[in-house]
Amino acid sequence: MELNGRVVVVTGGTRGVGAGIARRFTEAGAEVVVCARRPPQVPLPKAEFAALDVRDADAVRHFFAGLPRLDVLVNNAGGAPYRRLTDADAERHARVVELNLLAPLTVSLAAYEHLRRTRGSIVMIGSVSGGRPSPGTAAYGAAKAGLESLARSMAVEWAPDVRVNTLVVGMVRTELSAVHYGDDDGVAAVARTVPLGRLAEPSDVGDAAVFLASDAAAYISGASLLVHGGGERPAFLDAATTDRDG
């Protein structure tokens with residue numbers, strides 16, 4: 001899955017999952033540009049940084065117009081604070097949808113002509129929150145569900161010139177894990193709920209993104225690839241009283 005000479009843009013690529021994705025693309029030989037509002041605290045080896053707010057449509061169009069070439073776009077920028085629906089007004093929830101759904105659309109449209117010329121690909125970074133209830137991050141979950149739908153439609157409209165796929169990502173161990181899961185004991189307890197027994201590393205997501213962008217996935221478009229360690233064990237199995245070992 002070598003990507004020598006190909007140009008890759010990773011939005012939100014300065015930390016966490018995005019940085020893990022960027023590293024894997026550089027290791028595969030690609031020229032990588034990471035975009036975010038602020039530069040990385042720790043520079044990413046072999047990756048170029050560009051300041052960009054993906055919610056600013058004019059800035060996004062200007063950025064992509066200045067690129068000489070683009071082969072792969074990874075729409076990774078996103079996220080949301082924990083916030084129950086009744087704890088904020090609709091406008092604040094709408095900003096979550098803007099970042100996680102409308103911004104990837106804005107970026108993809110700005111990148112389209114480049115990708116059409118190179119017969120490139122887009123990798124959307126989705127979430128398991130888009131396929132199950134997401135209490136506390138409902139707007140985020142709704143946006144990620146929409147992102148998968150957008151990617152499938154985009155894959156049909158832009159075929160055969162541009163491939164579009166989604167990585168549906170589960171829980172990932174990053175520098176922000178403590179915010180979501182607590183201390184090391186909390187992270188370990190959460191990891192035990194995953195069938196594979198651990199949280200994903202950013203590099204796991206990066207490996208999957210490189211695969212979808214590579215020639216090894218040349219016939220894959222409109223797909224959603226689950227990167228979640230087997231998903232979640234159904235709660236009813238632990239609640240049931242039937243002795244399955246007897």
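Everything numeric in this text was worked out from a predicted model, so none of it was measured.

Novice: In this structure, what is going on with the overall build of the protein? I would like to understand it.
Specialist: What the protein contains, in helices and strands, is eight helices and seven strands. Relative to the globule expectation of 18 Å for 246 residues, the C-alpha radius of gyration of the protein, 18 Å, shows essentially globular dimensions. Dimensions of the protein, computed from C-alpha atoms along their principal axes, come out at roughly 65 × 45 × 40 Å. Per-residue burial for the protein yields a buried fraction of 44% across its 246 residues. Carbon and sulfur atoms form 53% of the exposed surface of the protein, whose accessible area is close to 12,900 Å². Measuring between centres, the 26 positive side-chain charges of the protein sit 2 Å from its 28 negative side-chain charges.

Novice: Just to check I follow, could you spell out the environment of Ala-139 for this structure?
Specialist: You can see Ala-139 is positioned in helix α4 (residues 138-157). By relative accessible area, which is 12% here, Ala-139 ends up buried. Between the C-alpha atoms of Ala-139 and Gly-16, which are 123 residues apart in sequence, the distance is 21 Å. Contacts of Ala-139, omitting those with residues within four sequence positions, involve His-93, Val-96 and Val-97.

Novice: It is not clear to me how the nonpolar core should be interpreted in this structure. Could you clarify?
Specialist: Across soluble globular proteins, nonpolar side chains have a tendency to be buried as a group. Ranked by size, the top nonpolar core spans 31 residues in total, and within it Val-9, Phe-63, Phe-64, Leu-73 and Ile-122 carry the most contacts. Broken down by secondary-structure element, the contributors of at least two residues to this core are β1 (7-11), β2 (31-36), α2 (57-65), α3 (90-118), β5 (121-127) and α4. The biggest single contributor to this core is α3, with seven residues. Residues contacting Ile-122, with those up to four places away along its chain left out, are Leu-73, Asn-75, Ser-108, Leu-115, Met-154, Trp-158, Val-162, Arg-163, Val-164 and Asn-165.

Novice: So what exactly am I meant to see when it comes to the pattern of salt bridges here?
Specialist: Side chains that carry opposite charge are capable of pairing whenever their charged atoms lie near each other. Applying the stated criterion across every chain yields a total of 13 salt bridges. In this structure, Arg-61 engages Asp-58 in a salt bridge whose closest nitrogen and oxygen atoms are separated by 2.7 Å. Linking Arg-61 with Asp-58, this pair stays in helix α2, spanning three residues, or about one helical turn. For Arg-61, a relative accessible area of 47% translates into the label partly exposed. A salt bridge links Arg-119 to Asp-161; the shortest N-O distance between them is 3.1 Å. In this pair, Arg-119 is assigned in the loop between α3 and β5 and Asp-161 in the loop between α4 and β6 (163-169), connecting sequence segments 42 residues apart. Where salt bridges share partners, they join Arg-24, Glu-27 and Asp-207 into one cluster.

Novice: Whenever I open this one, the packing of aromatic side chains confuses me. Can you help?
Specialist: How two aromatic rings sit relative to each other is given by the distance of their centres and the angle of their planes. For the structure on display, the rule yields two aromatic pairs. Centre to centre, the rings of Tyr-112 and Trp-158 are 4.5 Å apart; their planes meet at 45 degrees, and the pair counts as tilted. Of this pair, Tyr-112 sits in helix α3 while Trp-158 is found in the loop between α4 and β6, placing the two residues 46 residues apart along the sequence. For the pair Tyr-112 and Trp-158, a shared accessibility class is recorded, and that class is buried.

Novice: It is not clear to me how the pairing of β2 should be interpreted in this structure. Could you clarify?
Specialist: A regular strand places its side chains so that they alternate between the two faces of the sheet. Most of β2 is tucked away, with five of its six residues classed as buried. Note: β1 against β2, five bridges, orientation parallel. Following the sheet pairing, Val-9 is matched in β2 by Val-33. With helix α1 (residues 16-27) bridging β1 and its parallel neighbour β2, the resulting β-α-β unit is right-handed. In this structure, β2 lies alongside strand β3 (residues 47-51), joined through five bridges in parallel fashion. Bridge pairing in β3 places Ala-36 opposite Ala-51.

Novice: So what exactly am I meant to see when it comes to the environment of Val-97 here?
Specialist: Inspection of the secondary structure puts Val-97 in helix α3. When its relative accessible area of 27% is taken as the criterion, Val-97 is described as partly exposed. Taking the C-alpha atoms as reference points, Val-97 and Gly-78, 19 residues apart in sequence, are found 9.3 Å from one another. The residues contacting Val-97, other than those within four sequence positions of it, are Leu-102, Ala-139 and Ala-143.

Novice: Hey, could you run me through the sheet that holds β1 in this one?
Specialist: Read from one edge to the other, the open sheet built from seven strands follows the order β3-β2-β1-β4-β5-β6-β7, with strand pairing classed as parallel. Among the strands making up the open sheet, the edge pair consists of β3 and β7 (224-227). Shown here is a sheet whose adjacent strand axes are inclined to one another by a mean of 20 degrees, direction ignored. Bridging between β6 and β7 involves four bridges; their strand directions are parallel. The residue bridging Leu-167 from the neighbouring strand is Leu-225, located in β7.

The rules behind each value
- Residues numbered from 1 in each chain as written.
- Predicted model: local features only at pLDDT ≥ 70, side-chain atom pairs only at ≥ 80, totals over all residues.
- Heavy atoms only, no water.
- Helix = DSSP H or I, 4+ residues; strand = E, 2+ residues; numbered from the N terminus.
- Rg over C-alpha atoms; globule rule 2.2 N^0.38 Å.
- Buried < 20%, exposed > 50% of the residue type's maximum accessible area, 1.4 Å probe, protein only.
- Areas by Shrake-Rupley, 256 points an atom, 1.4 Å probe, with all protein chains shown as cover.
- Lys, Arg positive; Asp, Glu negative; His and termini not counted.
- Charge placed at Lys NZ, Arg CZ, Asp CG, Glu CD.
- Contact = heavy atoms within 4.5 Å.
- Core = buried A, V, L, I, M, F, W, Y, C linked by side-chain atoms within 4.5 Å.
- Salt bridge = Lys/Arg side-chain N within 4 Å of Asp/Glu carboxyl O.
- Phe/Tyr/Trp six-rings, centres within 6.5 Å; stacked < 30°, edge-to-face > 60°.
- Pairing = 2+ DSSP bridges.
- Right-handed = clockwise from strand over helix to strand, strands pointing away.
- Axes fitted to C-alpha atoms, helices over the stretch in contact; angles between N-to-C directions.

By themselves, these observations are geometric and do not establish any function.
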